[in-house]
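Structural overview
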Protein chains: 2
Amino acid sequence: MKKYVYSFGGGTADGDGKMKDVLGGKGAGLAEMSRAKLPVPPGFTISTDVCNLYFERGNQVPPEVDGQINEALASLEGKMGQKLGENGNPLLVSVRSGAKFSMPGMMDTILNLGLNDQTVQALERKSGNPRFAQDCYRRFIQMFGNVVLDIEKHDFDQIFEARKKKVSAKFDTDLTAEDLKAIIAEYKKLVEKKSGKAFPQDPRQQLAMARDAVFRSWNGKRAITYRRMNQIPDNLGTAVNIQTMVFGNLGETSATGVGFTRNPSTGEKAFYGEFLINAQGEDVVAGIRTPQDISQLDKVMPPVYKQLREITSNLEQHYRDVQDFEFTVQDGKLYMLQTRNGKRTGPAAVRVAVDMVNEKLISKEEAVLRVDPQQLDQLLHPVLDPVAKKTLALLAKGLPASPGAAVGRVVFTADEAVVQAVKQPVILVRAETVPDDIHGMEVAKGILTSRGGMTSHAAVVARGMGIPCVAGAGEIEVSERKKEMTVNTGGKKLVLREGDWLSLDGSTGEVFSGQARTIDADPSSGVLATFMEWADKFRGSFGVRANADIPRDAKVARRFGAEGIGLCRTEHMFFAEDRIPHMQAMILARDEKSRRKALAKLLPMQRADFAGLFKEMDGFPVVIRTLDPPLHEFLPKRENLMVDLARLPHADAKTKKEMSGRYGIPAGQLKKELPALLARVEELHEFNPMLGHRGCRLGITYPEITEIQARAIFEAAVQVSKKGVKVIPEVMIPLIGSVEEFEHQKKIVVQVAQEVLGKAGSNLKYMVGTMIEIPRAALTANLVAKEAEFFSFGTNDLTQTTMGLSRDDYTKFQKDYEKAKIFKNDPFAVLDQEGVGKLIDMAVKAGRGARNDLEVGICGEHGGEPSSVQFCYRVGMNYVSCSPYRVPIARLAAAQAAISGDKTETMRTA
Amino acid sequence: MKKYVYSFGGGTADGDGKMKDVLGGKGAGLAEMSRAKLPVPPGFTISTDVCNLYFERGNQVPPEVDGQINEALASLEGKMGQKLGENGNPLLVSVRSGAKFSMPGMMDTILNLGLNDQTVQALERKSGNPRFAQDCYRRFIQMFGNVVLDIEKHDFDQIFEARKKKVSAKFDTDLTAEDLKAIIAEYKKLVEKKSGKAFPQDPRQQLAMARDAVFRSWNGKRAITYRRMNQIPDNLGTAVNIQTMVFGNLGETSATGVGFTRNPSTGEKAFYGEFLINAQGEDVVAGIRTPQDISQLDKVMPPVYKQLREITSNLEQHYRDVQDFEFTVQDGKLYMLQTRNGKRTGPAAVRVAVDMVNEKLISKEEAVLRVDPQQLDQLLHPVLDPVAKKTLALLAKGLPASPGAAVGRVVFTADEAVVQAVKQPVILVRAETVPDDIHGMEVAKGILTSRGGMTSHAAVVARGMGIPCVAGAGEIEVSERKKEMTVNTGGKKLVLREGDWLSLDGSTGEVFSGQARTIDADPSSGVLATFMEWADKFRGSFGVRANADIPRDAKVARRFGAEGIGLCRTEHMFFAEDRIPHMQAMILARDEKSRRKALAKLLPMQRADFAGLFKEMDGFPVVIRTLDPPLHEFLPKRENLMVDLARLPHADAKTKKEMSGRYGIPAGQLKKELPALLARVEELHEFNPMLGHRGCRLGITYPEITEIQARAIFEAAVQVSKKGVKVIPEVMIPLIGSVEEFEHQKKIVVQVAQEVLGKAGSNLKYMVGTMIEIPRAALTANLVAKEAEFFSFGTNDLTQTTMGLSRDDYTKFQKDYEKAKIFKNDPFAVLDQEGVGKLIDMAVKAGRGARNDLEVGICGEHGGEPSSVQFCYRVGMNYVSCSPYRVPIARLAAAQAAISGDKTETMRTA
């Protein structure tokens, strides 16, 4: 007969740790610990097959399984010297689900099963604690009623709270055994009323009902949704674990505790944890008694302490990772309730990984796989002192848009930020930032916006600059006019004004009022360096570049290990204060001649920028993108102009002066010039700027813009090369949708390159390639690659166009989407592999089909997100490019992809 | 030895009409006519192979080819009794290129080759017309200089014009033989100066040079671009045709003429054409002499007339199509210079096709293939009387946005249109139309806008309504405030005011001032009905539906043969004057309860609309799309509100009253209500509305909107069904990007359907499907089709997102793109098969893979464009849907696709 029930405990087990298919994750873990002779409370696991049989038989467990269960139960009773339902020495058990893949929250646990009106008295006697025994019974009825009988938790709570009120109890623990008995009586009435039957007093019946409830939960709505979201097959089924209850609160020789085999905050190799004598786990949570440090256990129960250290040390050796364990001492006997790999901070993760390699416990490959790339952030940015954080008021929670802590005084305009920043640290607070705010963003310690998502202007720019940023904190209302921000917290309105202290945690999205302490990170720590060295070795030829627009960012990028610049956005340079007038003159020009005149003024400035970048990136490639944003972004906003024009006839001198300053038009000429300016702005106005006249489309309308940018690139390259710097320029044409567009622009670039290089007698090598950021470019990649020497996936825009979803506008209904569970992740943070990824995969294949040495990379925000980096590795890209501060994260993610056995290395021939 | 040179003429030819590969199209045609014993001026063709050899040998014709050319020339001289360069009776020839595929404009023709200072005298003698001879020589030098020697035409023109000025000649024909001689002398000087050599006097040298120039032109820039644009291989080469010159101006026994074998305007079977005695073709163009009707030739030269009728009649039989021919009579001898299938009007095309089937000249399949579907437009709309058109001033030319002629008085607002339209016909003139203008558009005879493209609001709505529209007429400035439109025509400013007459041709984009006569079309003409019947037979199961929002449009659609509604946009209904207040109330509602209250008012109205549509479409499916546009489209414009708010403090009573009317807010409450309204509008403001909160995204945020629409649909269906009408509703969820979105909305629809149908005891069948209009939906079609019962490709939006190109914003740089030849066609008019089409093809396959009876259609603008319809047929769609007036076009296009041998019929299983 097939085996359906697997016993464990007492130093043996029918199953083992590899049998997750049959026993589920929890059951396999319990079997493994038992086999390792650990003192696990004995029990048995009903296999996942039974779950499927249960459904096949119309919600019935087959008789042969029942037989096996009875046998296992009898054996358990023998082991424990207790019997289920026996009034003298009753066996109490827990009942838990456990599928092959962890499905947290799918079903609650049922504890203390086996209690009834009789056995509760036995427990009273055994524990000498009537209150404890009645509370166990009370909890059991509540859990059973809720999970098995589907009675709402709320109904139980009402009874409980009513009793507390009646006896004026402040805490649950103020209730006496008699109070609890009264509650139990009412609970039983509730159960009878709601389920139509009395609460089952027969423990065997309790067990069968609990088991069946666990099976049914497999096909509950929550579980089905969870499986679909996580792509877990529906036919796996869940196992049921039935395990003897143990109690740490049976007197001074009992205890309960938790611990780690190493310090989870620092990674230090030190036994770490705490315990309470005569207590249950929940007493720690209630916070009534202060637990003792685990080292004190040695004094109170030396043999138990010794045994615990031995066991946990063996567990760490066995699982080859830091263990997070729970234990209970019942009557001087140690029981291990759980052990699992311990969660840890970023610094701890790196330290443990490196230490364990040195201890020869794990290989370097394993070490590299052990650290979650996202956690590296904690090693690269200052963090808020966790203690200081507790003393401040949490104002709001926005999106963790750019990691790190920032503390400073509030300012509401970029101009004010510049003024104040020379004296004190400032936090720039805006409803949303615009390109005009750059100068203020640069000097701020941190940025807070009330609108916008993970890829809003504020978020993208802040990440690029490595400045902490919390974006889209919707609870905050920002009034630039009044110079104040208002937050409704708990019905109370809190107003912060210019100069008030504010603390941000860009890694969590938290916003605090007041001045927190920060702790600096140490990115060059020796352990981290060792760790990254290993990671880079495994990463192989797969490159990591940085998105950087100015030399300062390029320098940071190099420090973090970037191997080139994957995206330099030239428009960033045009927004600088000394350039925007020339840029505006260029845009307002009515013919090519005056346009060229304005461009000529920009040429030397751009050349100097590029020269700076080339110098920083000596020996590494620099991808420079030609002008991308629509021209109206460089002009005043249309609606502001319209309003000012409407106000002008009645404007007083002060208002006129303001307008004059705003538009750079003398006050006396406003009446004439403002309408003309508005007319041009109207001309450039677009319904959907994202899909409008931008990218290569500008270069096709105004070839002279592309020409002047190419000239600046190659003149800078020649100039810097002469000083012995190795320059590798890659000119990137944005927003290509068809090869015809690319050819048009490439021709201009090549012509200028030949002219400039020819004149200088230089044989500098360069490439001309394109950004793949609209679906059509990906769909026709075979054609585009015939002309383009490299592809760089601009996944921000590619995500927007492929999903037909504006990242800025998405924030308005993002919460509705999250509530309805439409997307698995925020597609602007984590690459949508199912949709956008499919397009990328197609394009890489088609592009390499047309040009086998095509260089392929990614320069969207996703280039620094671990799962996206791994995707890029898998589809055979040559490199990823991300903001400088995410470079180490990308390096690690790529290394992990490499180790995880992707065999795509041969595809990267460029 | 391989044959490189093919003679023709004199009733025989070395080649024939099938040898286009070797002889090019022109050469093959000349050979075919010669073989048919037609009097073609003899000559010979140098094959396309020689062109390739020429390039292989470094721009040299191989000696063996030279030998064959000499032989062919000697034979030609023998046939003609003339010799190239002989002073007594010189042979003159034309030299023309001719590739396998017609490449118009690739190279100019060289005429009169063989003339030099001596032979021109022989021509003088022979023709008795010194002026004619000198003019031939003058033209020859000019053509040769330009085409062969690369001298700019402008240089020749300067000399010519200077002479005209000197002798005060008004027309070219005022120049005497002596004048021309003087010009020739100067031309020769010019040639010597520019080319460094004297003008070649040796006709054999002339011939070799002309031949080589033709070969070189194959690799000219123009030709290469043309080939790439038209996907013609580069290795085909061009042939060179050398043909004896004949002259129709050698006296009263010579003549020249053109004609058609049937009337190209009406299709009537009647010999049709005109001729001039003693003239050359260009004399007709010069317009100095009025040609005679071809029937007169019978009186002047009876044998020639008889021969011409015989020949052309045979030609029609031979080519089995209307022939457009050119002939010359030299000294009483008829020469056929050209014959080709004649271009014809739409009515003529249909009539000829039907007649020729009845004459058993062609099959029904051929007849259906003979008519360009676009031409059907001419049979479905009134046209401007071509004679009357000539008497009016052409004001401007815009885009032919919606076909047909319209004549009426100008109005500048929708409200005024409604007022005036009851008294007289009106033309609504707007800078651009907005949904608010619908009531005015409905009553106008025609619509004219100065902004916007083929898919602008005006264009789309006008086509839907079948109202003529000219869009984007950029030369016109429209001032709604001043109630006038201004046009700059030839430096002169013309102003039209309200009430002035205006005539539009929506089929050509022409705008005339004044009141033109129109000629009504007869869509139910018997010939057309017969023709369409044949087309429908070949079309088979492939359906044609119409996009129609209201019963009136549905009625029109049925009349034009629509087999259902492929797209009903429910928002159209919400814009109606009696509904928009409820719609606005719904949007301004702060909670679900008040939103439902407003929706409840809309429910009966929507139900009535749907009932009307179902009635019209008895027995045919009706696809109803749930609400699609972003909500702010229903509210006043943000910038207008901002300006009005700025004006409010200084506004006088009149202005306040205006504002009050505009926003439906009592004047006294403007101060309080306007800011509140603006605040909500600001909340709804989007950066990229096209990619924003619209489509299914609205339904996910506000499920009650979807619910109420579903309720209206199914209640209407039940109501109409009870009256015996067969209702087939297909509910379409717009803007799906992931199956999760679709499931969310489908659940709501199905729930309402079950409730409503259940209550009515109805077992009505319905489908729930989706619009595929963003790339991600297409990319994940396999998943979406698991839930969706039908797909309808919304190619307007799919084109926008796939190309990352906003159709409204594209118009701003469309001219630059056309100049740079980036796109082959306007992608919003003709489906981009290379990019968007690829995505569609993938999606159809993936969708059918998941659900083999998936119904697939298209409802974008492309559904009425012939090449796009044929694409839809090829990829295996079940139907296309287009505006009612384009239904016959789509029917014909589909029939043509079917006949063209697509074997996809089996794929359409639904």
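Residues numbered from 1 in each chain as written. Chains lettered and ligands numbered in written order. Predicted model: local features only at pLDDT ≥ 70, side-chain atom pairs only at ≥ 80, totals over all residues. Heavy atoms only, no water.

In this section: the overall build of chain A. Each helix and strand in chain A was counted, giving 38 helices and 32 strands. C-alpha atoms of chain A, sized along the principal axes, occupy 105 × 65 × 55 Å. The burial tally for chain A puts 57% of its 910 residues in the buried class. A separation threshold of at least 6 residues defines the contact pool for chain A, and within that pool the share at least 24 residues apart is 68%. Just so you have it, chain A exposes about 37,000 Å², and 50% of that area is on carbon and sulfur atoms. (Helix = DSSP H or I, 4+ residues; strand = E, 2+ residues; numbered from the N terminus. Buried < 20%, exposed > 50% of the residue type's maximum accessible area, 1.4 Å probe, protein only. Contact = heavy atoms within 4.5 Å. Areas by Shrake-Rupley, 256 points an atom, 1.4 Å probe, with all protein chains shown as cover.)

Right, let's talk about the nonpolar core for a bit. Ranked by size, the top nonpolar core spans 295 residues in total, and within it Phe793(A) and Phe793(B) carry the most contacts. Once residues lying within four places of it in the same chain are set aside, the contact partners of Phe793(B) are Ile772(B), Leu798(B), Ile840(B), Ala843(B), Val844(B), Val856(B), Gly857(B), Ile858(B), Cys859(B), Gly860(B) and Met877(B). (Core = buried A, V, L, I, M, F, W, Y, C linked by side-chain atoms within 4.5 Å.)

This part takes up the interface of chain B and chain A. By a frequent convention, interface size equals the accessible area lost on bringing the separate parts together. Contacts between the two partners involve 61 residues from chain B, matched on the other side by 60 residues from chain A. For the pair chain B and chain A, the summed buried area comes to about 5,200 Å², and 58% of that belongs to carbon and sulfur atoms. Here chain B and chain A share 6 salt bridges between them. With a shortest N-O distance of 3.0 Å, Arg638(B) and Glu639(A) are connected by a salt bridge. Along the contact surface separating chain B from chain A lie 31 residue pairs in polar contact (both at pLDDT 80 or more). (Buried area = accessible area lost by both parts, 1.4 Å probe. Salt bridge = Lys/Arg side-chain N within 4 Å of Asp/Glu carboxyl O. Polar contact = N/O pair within 3.5 Å; in protein donor to acceptor, adjacent residues only side chain to side chain.)

Residue and element names in this part refer to chain A. In this structure the tally under the stated criterion is 9 cavities of 30 Å³ or more. For the largest cavity, the calculated volume is near 80 Å³. Along the wall of the largest cavity there are 11 residues; nearest its centre are Arg463, Asn547, Glu861, Cys882 and Ser883. Ranked by residues supplied to the lining of the largest cavity, first place goes to helix H19 (residues 457–465) with 3 residues. Each residue belonging to the lining of the largest cavity can be placed in one class, and the counts come to 2 nonpolar, 5 polar and 4 charged. (1 Å grid on protein atoms, 1.4 Å probe; cavity = no way out; pocket = protein on both sides within 12 Å on 5 of 7 lines; lining within 4 Å. Points joined across faces, edges and corners; volume = space filled by probe spheres on them. Nonpolar A, V, L, I, M, F, W, Y, C, P; charged D, E, K, R; others polar.)

Attention now moves to the packing of aromatic side chains. Scanning all chains against the criterion turns up 42 aromatic pairs over all chains. Ring geometry for Phe144(B) against Phe199(B): centres 5.5 Å apart, planes inclined by 80 degrees, an arrangement best described as edge-to-face. Taken together, the residues Phe144(B) in helix H5 (residues 130–147) and Phe199(B) in the loop between helix H7 (177–195) and helix H8 (203–218) connect sequence positions 55 residues apart. With relative accessibility at 4%, the residue Phe199(B) sits in the buried group. Grouped by ring-pair contacts, the aromatic residues Tyr810(A), Phe813(A), Tyr817(A), Phe823(A) and Phe828(A) constitute a single cluster. It is Lys3(A) that lies over the ring of Tyr6(A); its NZ or CZ is 5.1 Å from the centre. Taking the ring centre of Phe560(B) as reference, the NZ or CZ of Arg559(B) above it sits at 5.4 Å. (Phe/Tyr/Trp six-rings, centres within 6.5 Å; stacked < 30°, edge-to-face > 60°. Lys NZ or Arg CZ within 6 Å of the ring centre and 35° of its normal.)

Before going further, it helps to examine the relation of the copies chain B and chain A. Between chain B and chain A, the superposition needs a rotation of 180 degrees and an axial shift of 0.3 Å, giving an RMSD of 0.3 Å. The superposition of one copy onto the other is thereby described by a two-fold rotation axis. When the interface residues of chain B are mapped onto chain A, 98% of them again fall at the interface, so both copies present the same face. (Least-squares fit on C-alpha atoms with pLDDT ≥ 70 in both.)

A separate point is the sheet that holds strand S7 (residues 255–260) of chain A. Strands in a sheet are paired, the pairing made by backbone hydrogen bonds, and the direction either parallel or antiparallel. All names here are of chain A. With respect to topology, 5 strands assemble into an open sheet ordered S9-S8-S7-S10-S11, the strand pairing being antiparallel. Every other strand in the sheet has two partners, leaving strand S9 (292–293) and strand S11 (333–341) as the edge strands with one partner each. Pairing between S7 and strand S10 (residues 323–330): 6 bridges, direction antiparallel. Each residue of the ladder has a partner; that of Thr256, found in S10, is Thr328. Against the sheet, helix H12 (residues 302–319) makes contact with S10 and S11, and its axis sits at roughly 25 degrees relative to S11, the strand it touches most. (Pairing = 2+ DSSP bridges. Axes fitted to C-alpha atoms, helices over the stretch in contact; angles between N-to-C directions.)

Our next topic: the pattern of salt bridges. When their charged atoms lie close together, side chains carrying opposite charge are able to pair. Residue and element names in this part refer to chain A. With the rule as written, the count across this model stands at 122 salt bridges over all chains. With its nearest N and O atoms 3.0 Å apart, the salt bridge here joins Arg139 to Asp135. Of this pair, Arg139 and Asp135 are both found in helix H5 (residues 130–147), 4 residues apart, which corresponds to roughly one turn of the helix. The closest approach of N and O atoms between Arg595 and Glu704, which form a salt bridge, is 2.8 Å. Placement of the pair is Arg595 in helix H24 (residues 592–616) and Glu704 in helix H29 (residues 703–721), with a sequence separation of 109 residues. Given a relative accessible area of 11%, Arg595 falls into the buried group. A network of salt bridges, in which partner residues are shared, links Glu571, Arg625, Asp628, Arg694 and Asp797.

All names here are of chain A. At a minimum axis separation of 8 Å, helix H20 (residues 526–539) and helix H38 (residues 887–899) run at an interaxial angle of 50 degrees. As summarised for this structure, H20 and H38 are arranged oblique, according to the angle between their axes. The handedness of the crossing between H20 and H38 is left-handed. Of the residues in H38, those touching H20 at Phe531, Met532, Ala535, Asp536, Phe538 and Arg539 are Pro888, Arg891, Leu892, Ala894, Ala895, Ala898 and Ile899. (Parallel < 35°, antiparallel > 145°, perpendicular 65-115°, else oblique. Left-handed = near helix turned anticlockwise from the far one by under 90°.)

Residues at a pLDDT of 70 or more form 96% of chain A, whose mean pLDDT is 90. Both scores are available for the predicted complex, with the pTM at 0.79 and the ipTM at 0.79. (pLDDT = per-residue confidence, 0-100.)

Take the sheet that holds strand S30 (residues 790–793) of chain A next. Residue and element names in this part refer to chain A. Around the barrel, which closes on itself, the 8 strands sit in the order S25-S26-S27-S28-S29-S30-S31-S32 with parallel pairing between neighbours. Along the sheet, successive strands turn relative to each other by an average axial angle of 25 degrees, direction set aside. As judged from the 2 bridges shared by strand S31 (residues 855–858) and strand S32 (residues 879–882), these two strands associate in the parallel manner. Bridging from a neighbouring strand, Ile858 pairs with Val880 of S32.

With that out of the way, let us pick up helix H3 (residues 63–80) of chain B. Residue and element names in this part refer to chain B. In this model, H3 (18 residues) spans 26 Å end to end at C-alpha, consistent with the 26 Å of a helix rising 1.5 Å per residue. Listed in full, the buried residues belonging to H3 are Val65, Gln68, Ile69, Ala72, Leu73, Leu76 and Glu77. Looking at the buried residues of H3, the elements they touch are strand S1 (5–9), strand S3 (43–46), helix H2 (48–56), strand S4 (93–99), H8 and strand S6 (238–244). Positive phi shows up at Gly81, right after H3, with a value of about 65 degrees. (Expected span 1.5 Å × (residues − 1).)

Residues and elements named next belong to chain B. Two elements in contact, helix H23 (residues 580–588) and helix H24 (residues 592–616), have axes whose closest approach is 8 Å; the angle formed by their N-to-C orientations is 155 degrees. Looking at the two axes, H23 sits roughly antiparallel to H24. As for how H23 packs across H24, the hand of that crossing is left-handed. Mapping the contact onto sequence places His582, Met583, Ala585 and Met586 in H23 and Arg595, Ala598, Leu599, Lys601, Leu602 and Met605 in H24.

Moving on to the state of the cysteines. A covalent bond between the sulfur atoms of two cysteines is referred to as a disulfide. Going through the model one piece at a time under the given rule, you end up with 0 disulfides over all chains. The thiol sulfur of Cys696(A) is not disulfide-bonded, and the nearest other cysteine sulfur, from Cys859(A), lies at 15 Å. Cysteine Cys859(B) shares no disulfide, and the gap to the nearest cysteine sulfur, in Cys872(B), comes to 10 Å. Relative accessible area serves as the criterion here: at 4%, Cys859(B) is assigned to the buried category. (Disulfide = S-S within 2.5 Å.)

Once that is clear, we can look at unusual backbone geometry. Residues and elements named next belong to chain B. With a phi close to 50 degrees, Asp331 is a non-glycine residue in the positive phi region. For Leu735, which is not glycine, the phi dihedral falls at a positive 60 degrees. Assignment of secondary structure puts Leu735 in the loop between strand S28 (728–733) and helix H30 (739–760).

All names here are of chain A. Tracing the chain through its elements places Phe871 in helix H37 (residues 866–874). Taking C-alpha positions, Phe871 is 22 Å from Pro233, a pair spaced 638 residues apart along the chain. Those residues in contact with Phe871 that lie beyond four places of it in its chain are Leu831, Gln833, Gly837 and Ile840.

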